[in-house]
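# Analysis of the macromolecular model
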Amino acid sequence: MKTETSTVLVSGFGSIGQRHVSILREMGLTVHVFSRRKLPEENKFQSLEDALKEVAPEYVVIANETSDHYSALKTALYFEVPNILVEKPLFSTLIEKLPENLKSQVSIAYNLRFHPLLQRLCSEIKERIVLSVHIYVGQYLPDWRPQQDYRKSYSVSKAQGGGVLRDLSHELDYINWLFGPWKALTAVGGHFSTLAGDSDDVFCLLLKMERCPAVSLQMNYLDRLGRREIIINTEEHSYNLDLVKKEYQKDQESSNSVIVERDETYRLQHSEMLKNQGKLCSSFSEGLEVLGMIDAAEKSAETETWQKNRDL
């Protein structure tokens, strides 16, 4: 059943919260904000509970620090908000479940699922035998949010849910979406650079997936060029995607580029939440699956062992 939504509450007003607010207002919705920051232009609420009571939103976007996602989500569920979108990752640590018989639809904000190149790849490899996958994502953290001193961001803090495994978990989500579920993985990672903070700035994973026997992934805060690339070999074809340059190449064919406006994937994600209750978004269970991968990668790096998916 489609939900006609007109009122939205965004919890959190950091860089991603501000982005959600701007996009939702451009889409013609009435958007309220709850934040602990001093925001004279926004409504003033003493707590998230007060905001939910006063606004009574049909749609809530949880965009505060990752370490606060769990408490914010529990509060929104208590008020039986129909649709809830939680910024990625779902939580900072693996939490098994929420109360049963939920009256809310909970989705996770892995908006890369709506990127036209990934949509095209998903369609092309759906019926193909995938033999190997290599994925690389890296961006220099000090350049990530130019308006903010990176040393003051949650990304550098392990306690606040920072680190590449969580910050760049889009890759973990679409690996599971395209090739999953994951069966086993091993990993190397940690804080290897002289960047501020104690969060992991490099992680390398090797995974066995249901649809692919060999997936390698490197993620880091160090790449000064900024890259997001995917290389796939199937029985029939090879594919190369560059999500930064927005290019798609199949075999020896000339690469095809697409125009992807900066906020397009976010807008498509919100539209899916508003019109279709997030059926094409990453689900709550899929968000938990990503957390399981993160937990397994951290254990593997610490113990130098393979970790198996305990749910299989």
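The structure we're discussing is the one just above.
Attention in this report is confined to the structure presented alongside it. All of these numbers come straight from a predicted model, not from anything done at the bench.

## Thoughts on the nonpolar core
- Leu73 and Leu205 are the most contacted members of the largest nonpolar core, which totals 69 residues.
- Here this core gets 8 residues from one element, more than from any other, and that element is helix α9 (residues 284-303).
- Counting 17 residues, the second largest nonpolar core, distinct from the first, contains Val10, Val31, Tyr59 and Phe114.

## Structural notes on helix α3 (residues 69-78)
- Among all positions of α3, only His69, Ala72, Leu73, Thr75, Ala76 and Leu77 are buried.
- Turning to α3, the residues buried within the fold contact α2 (48-55), β3 (59-62), β4 (83-87), β5 (105-109) and α9.
- Glu80 sits one or two residues past α3 and shows a positive phi near 55°.

## Some details on unusual backbone geometry
- Here the amide bond leading from Lys88 into Pro89 is cis, since omega sits at -10°, within 30 degrees of zero.
- Secondary-structure assignment places Pro89 in the loop between β4 and β5.
- Note the cis peptide between Gly180 and Pro181, where omega equals 5°.
- Structurally, the position occupied by Pro181 is in the loop between α7 (170-179) and β7 (182-190).
- Of note in this structure, Glu80 is not a glycine but carries a positive phi near 55°.
- Inspection of the secondary structure puts Glu80 in the loop between α3 and β4.
- The class of Glu80 is partly exposed, set by a relative accessible area of 42%.

## What about the sheet that holds strand β11 (residues 238-242)?
- The sheet built from 9 strands is open, its strands ordered β13-β12-β11-β10-β6-β9-β8-β7-β15 with mixed pairing. A single partner strand is all that each edge strand has here, and the edge strands are β13 (256-257) and β15 (307-308).
- Along the sheet face, helix α4 (residues 116-125) touches β10 (227-234), β11, β12 (247-250) and β13 and points at about 165° away from the line of β11.
- Contacting β7, β8 (202-209) and β15, α9 crosses the sheet at an angle of about 55° to β7.

## What to know about the sheet that holds strand β2 (residues 30-34)
- Pairing is mixed across the open sheet formed by 6 strands, whose spatial order is β2-β1-β3-β4-β5-β14. Each edge of the open sheet is held by one strand with a lone partner, namely β2 and β14 (282-283).
- Pairing of β4 with β5, which is carried by 5 bridges, proceeds in the parallel orientation. Across the sheet, residue Ile84 finds its bridge partner in β5, namely Val106.

## Considering the side chain of Ser107
- The topology assignment puts Ser107 in strand β5.
- Look at Ser107 and you get buried, because its relative accessible area is 0%.

## Examining the pattern of salt bridges
- With the rule as written, the count across this model stands at 16 salt bridges.
- The partner of Glu124 in a salt bridge is Arg120, with the nearest N and O atoms 3.3 Å apart. Here Arg120 and Glu124 lie together in helix α4, a separation of 4 residues that amounts to about one turn.
- For Glu261, the salt bridge is made with Arg267, and the minimal N-O distance between the two is 3.1 Å.
- Residue classification places Glu261 among the partly exposed positions, given a relative accessible area of 40%.
- What you see here is one network of salt bridges that share partners, running through Arg19, Arg262 and Asp263.

Cut-offs and rules
Residues numbered from 1 in each chain as written. Predicted model: local features only at pLDDT ≥ 70, side-chain atom pairs only at ≥ 80, totals over all residues. Heavy atoms only, no water. Core = buried A, V, L, I, M, F, W, Y, C linked by side-chain atoms within 4.5 Å. Buried < 20%, exposed > 50% of the residue type's maximum accessible area, 1.4 Å probe, protein only. Helix = DSSP H or I, 4+ residues; strand = E, 2+ residues; numbered from the N terminus. Contact = heavy atoms within 4.5 Å. Pairing = 2+ DSSP bridges. Axes fitted to C-alpha atoms, helices over the stretch in contact; angles between N-to-C directions. Salt bridge = Lys/Arg side-chain N within 4 Å of Asp/Glu carboxyl O.

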